[in-house]
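Letter by letter, the chains look like this.
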Amino acid sequence: MRRPFRTGKAASATPRRGLKASLSSRVKALTAKMTLAEKLGQLNMLSADFAVTGAYVPIRYLDGVRSGAVGSIFNLWGREAARAAQKMALEETRLGIPLLFALDVIHGQRTIFPIPLAEACAFDVGLWERTARAAAAETADDGVHMTFAPMLDVCRDPRWGRISEGPGEDPFVGVAMARAKTRGYQGEDLRKPGNVAATAKHFIAYGAAEAGRDYAAVDVSDRQLDEIYLPPFKAAVEAGVAAIMPAFNDLSGVPMTAHGALLDGLLRRRWRFDGVLISDYTAVQELLNHGVAADLVEAAALAINAGVDVDMMSQAYVTCLPEALERGLVTMATIDAAVARVLTLKERLGLFDDPYRETAALTPGDFAAHRALAREAATRSIVMLQNRREVLPLSPTARRIAMIGPLADSPQDMLGSWAGAGDRTTVVTFLDGLRAAMPDAAIRVSRGVPIDGDDVSGLADAVRAARDADLVLLCVGENDHMSGEASSRADPGLPGRQRELVETVLALGRPSVVILSSGRPLILPWLAAQADAVLATWQLGHEAGHALADVLTGAREPGGRLPVSWPRAVGQIPVFFGQRPTGRPMHPEQQYTSKYLDVANTPEFHFGHGIGYTRFTCGAPRASASTLAPGERLTIEATLKNVGSRSGEETVFLFTRDKVASVARPALELRGFAKIALKPGARGVVRFELRADDLIFPDAALTPVFEPGEVEIYVGPSADPSRLVGASVTLERAAPAASKGRAARRGRL
Ligand code: GLC
């Protein structure tokens with residue numbers, strides 16, 4: 001039974017107020033000259049074949065450029081290729097509108113940095129911005145104008161392969177990453193050489209895919225949207241992000257590619273986002289699979305009426321919007337508004353005045369500096385999960401080292417997913433790095449078993465190698481395509497027969513370090529009790545080997561702290577520190593409380609966990625005042641002391657707990673993170689700022705409110721309650737004069 005076709009458009013079909021007023025005279029004049037076909041061409045984005053990032057059928061995309069039916073291309077890079085395609089657009093089409101080139105530069109272009117989840121472990125906004133700047137410089141150097149990054153999908157489900165691409169489990173980290181990466185990629189002016197347009201993706205709640213299965217439906221509450229998934233995107237919009245990409249998923253039954261209420265209603269009308277909305281790969285056409293469009297004409301109308309300006313790879317706009325116009329499913333005003341936004345982006349990039357953007361080529365010195373930055377980022381991404389018997393840092397006398405496992409010398413797997421232009425031949429593998437750092441050591445390599453499959457024929461050799469060694473390094477984990485897009489795992493442990501390899505070698509009792517390479521937390525409840533040291537190295541990029549060696553030898557300490565709780569069991573998922581307490585909080589001695597019979601509630605390792613080569617104590621937080629009223633802010637200090645024997649750097653987190661409020665509040669909320677480096681025996685103070693606005697939350701009606709009452713503040717090295725020290729402050733109503741101006745803002749953030 002056909003249901004009445006709805007265009008999915010928010011109430012008004014006219015472009016958002018204020019948009020026309022902000023258009024340049026060039027864009028207005030150009031739009032007025034364009035034929036319908038030329039307009040639709042500007043809304044059509046096709047993939048070249050330098051990389052494959054979706055179901056790909058060979059497309060003669062350059063024919064589309066010549067005919068004016070393609071306005072932007074992705075998955076093409078390199079000056080010559082970009083120049084050739086741009087020349088076609090400029091000289092062979094009627095209006096000579098320049099092409100936009102885009103690419104998934106997720107963690108580096110030519111120099112590959114650690115995957116985003118790894119870099120999140122650094123809890124260092126300056127580093128996040130610097131790596132984005134380096135990536136932008138290399139991207140622009142390759143003739144590309146836009147990256148489809150940062151990926152801002154908060155995720156609490158390691159089954160989902162794309163957890164590797166994002167900021168981890170917490171929106172506060174997501175907000176900080178959004179700001180840093182948008183600044184890093186875009187700089188102050190998109191026209192400036194070395195800057196590229198950024199794309200915040202995937203809007204919205206893609207990381208909450210049902211059962212952790214990629215592309216699956218999403219059902220999250222409005223509260224979760226407001227408190228968890230929207231904040232990083234709001235931060236990106238406030239930072240001036242040039243584009244946003246709607247997610248593949250439906251949200252409570254409405255596919256994001258057709259979600260007029262959130263795309264046009266929230267992003268455009270409430271948040272005043274004036275950039276471009278680019279569909280994900282064939283997502284417009286996929287509205288048929290979602291079952292909300294009977295044909296491609298309806299799909300195209302739904303998407304453009306919802307606010308999606310650019311159709312990536314469906315070719316629905318160029319082929320079907322003329323019929324949609326005839327059928328009255330879309331207006332020319334809507335099409336013109338989308339065209340204007342695309343042309344305005346090209347204008348902001350300076351493409352009309354300098355379509356080839358021929359910047360001075362990067363020098364070998366620039367690339368060397370980027371490699372050094374990649375090495376620094378990698379050492380700060382490595383998380384030491386445990387270090388029993390203090391086997392690390394390695395003793396300088398360690399002479400006979402066995403490197404065992406399929407990831408000891410595996411270049412491609414160090415790069416991780418989304419490493420398009422990264423040259424695997426210049427990757428420093430773990431073996432390369434150790435050989436360079438310990439030239440006098442006898443390093444014996446034995447693969448043992450492959451990453452996947454049942455071949456255990458190499459086990460005996462691995463045992464022999466381990467038996468003869470002073471130290472065993474077990475290099476195990478996932479390959480580069482076991483995480484990332486379309487790479488969910490229902491049982492995210494060690495693939496293949498690697499567990500057998502690890503347990504067989506550890507049973508020999510040699511001093512051991514287990515080095516995990518993965519795009520996600522691996523669920524290995526059996527490992528901690530058997531291994532001495534365990535390092536989570538994620539996928540560290542080009543400088544993986546040097547960074548690992550820096551950490552193993554103690555030249556650098558492992559600087560990473562977990563941006564995601566590490567589950568003990570799949571059955572715990574989602575496990576995260578911001579859970580609400582429930583009416584029956586877990587109590588070990590009481591039966592009727594919220595717990596499992598077979599597994600503890602707590603994660604294997606808490607958010608923020610990670611150890612270095614020294615130890616710190618952290619004193620109680622000291623607030624600059626005992627009360628806080630709307631519009632005010634507090635300084636919170638805590639004194640740390642290095643009580644170990646080596647210099648080191650600690651990461652300290654600031655959490656709050658609102659114990660009594662008009663709605664149940666999370667057990668902990670992250671409000672800040674800071675780092676402090678101290679020499680042995682030295683003391684130092686970390687400082688946080690806590691603004692009253694930071695404590696505004698959505699009440700039962702999702703109205704942002706600031707509620708008087710006591711709020712606990714905690715500081716510590718992780719979200720492990722046993723490691724936190726607390727104090728409290730009292731939130732007060734605004735002084736009478738101030739309260740008049742503070743009508744509670746209604747609706748979404
Ligand atoms: C992919 C991804 C998206 C990427 C796009 C273009 O399917 O979902 O993150 O930017 O296609 O490659």
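For the structure itself, consult the block above.
Note that the structure is a prediction, hence the values are computed from the model and not measured.

## Some details on the packing of helix H2 (residues 25-33) against helix H15 (residues 332-348)
When two helices pack together, their arrangement is given by the angle between the helix axes and the distance between those axes. One can describe the packing of H2 onto H15 by two numbers: an axis separation of 10 Å at closest approach and a directional angle of 135°. Our classification of the angle between H2 and H15 gives oblique. Note that H2 runs across H15; the crossing there is right-handed. Contact with H2, carried on its side by Arg 26, Val 27, Leu 30 and Thr 31, involves Asp 336, Val 339, Ala 340, Leu 343, Thr 344 and Glu 347 of H15 and no other residues of that element. For the contact of H2 with H15, the class distribution of residues is 5 nonpolar, 2 polar and 3 charged.

## Description of the sheet that holds strand E9 (residues 276-277)
Reading across the sheet, the 3 strands line up as E5-E6-E9 and stay open at both edges, with parallel pairing between neighbours. Each of the sheet's edge strands pairs with one partner strand only, and the pair in question is strand E5 (199-203) and E9. Where strand E6 (residues 243-246) and E9 come together, 2 bridges link them in parallel fashion. Its bridge partner lying in E9, Ile 244 is registered against Leu 277. Set on the sheet, helix H10 (residues 231-238) makes contact with E5 and E6; between it and E5 the angle comes to about 155°.

## Quick look at the pattern of salt bridges
Evaluation of the coordinates by the stated rule reveals 52 salt bridges. In this structure, Asp 141 and Arg 79 form a salt bridge, with 3.0 Å as the shortest nitrogen-oxygen distance. A residue pair is termed long-range when its members are at least 10 positions apart, and Asp 141 in helix H7 (residues 125-141) and Arg 79 in helix H5 (residues 79-92) qualify at 62 residues. Overall, the relative accessible area of 10% leaves Asp 141 in the buried class. Of the charged contacts, one joins Arg 499 and Glu 503 as a salt bridge, the two residues approaching to 3.2 Å between their closest N and O atoms. Here Arg 499 and its partner Glu 503 are both found in helix H20 (residues 498-506), 4 residues apart, which amounts to about one turn of the helix.

## Thoughts on helix H16 (residues 364-379)
In an α-helix there are 3.6 residues to a turn, and that puts residues three or four apart on one side. Taking 1.5 Å of rise per residue, the 16 residues of H16 would be expected to cover 22 Å, and the 23 Å separating its terminal C-alpha atoms lies within 8% of that figure. All buried positions along H16 are accounted for by His 370, Leu 373, Ala 374, Ala 377, Ala 378 and Thr 379. Buried residues belonging to H16 abut helix H6 (116-120), H7 and helix H21 (544-553).

## A look at the packing of helix H8 (residues 171-186) against H10
Closest axis-to-axis distance for the H8/H10 pair is 8 Å, and the angle between their directions is 25°. The orientation of H8 with respect to H10, classified from their angle, is roughly parallel. The handedness of the crossing between H8 and H10 comes out as right-handed. Across the interface between the two elements, Pro 171, Gly 174, Val 175, Ala 178, Arg 179 and Thr 182 of H8 pack against Pro 231, Pro 232, Ala 235 and Ala 236 of H10.

Criteria and thresholds
Residues numbered from 1 in each chain as written. Predicted model: local features only at pLDDT ≥ 70, side-chain atom pairs only at ≥ 80, totals over all residues. Heavy atoms only, no water. Axes fitted to C-alpha atoms, helices over the stretch in contact; angles between N-to-C directions. Helix = DSSP H or I, 4+ residues; strand = E, 2+ residues; numbered from the N terminus. Parallel < 35°, antiparallel > 145°, perpendicular 65-115°, else oblique. Left-handed = near helix turned anticlockwise from the far one by under 90°. Contact = heavy atoms within 4.5 Å. Nonpolar A, V, L, I, M, F, W, Y, C, P; charged D, E, K, R; others polar. Pairing = 2+ DSSP bridges. Salt bridge = Lys/Arg side-chain N within 4 Å of Asp/Glu carboxyl O. Buried < 20%, exposed > 50% of the residue type's maximum accessible area, 1.4 Å probe, protein only. Expected span 1.5 Å × (residues − 1).

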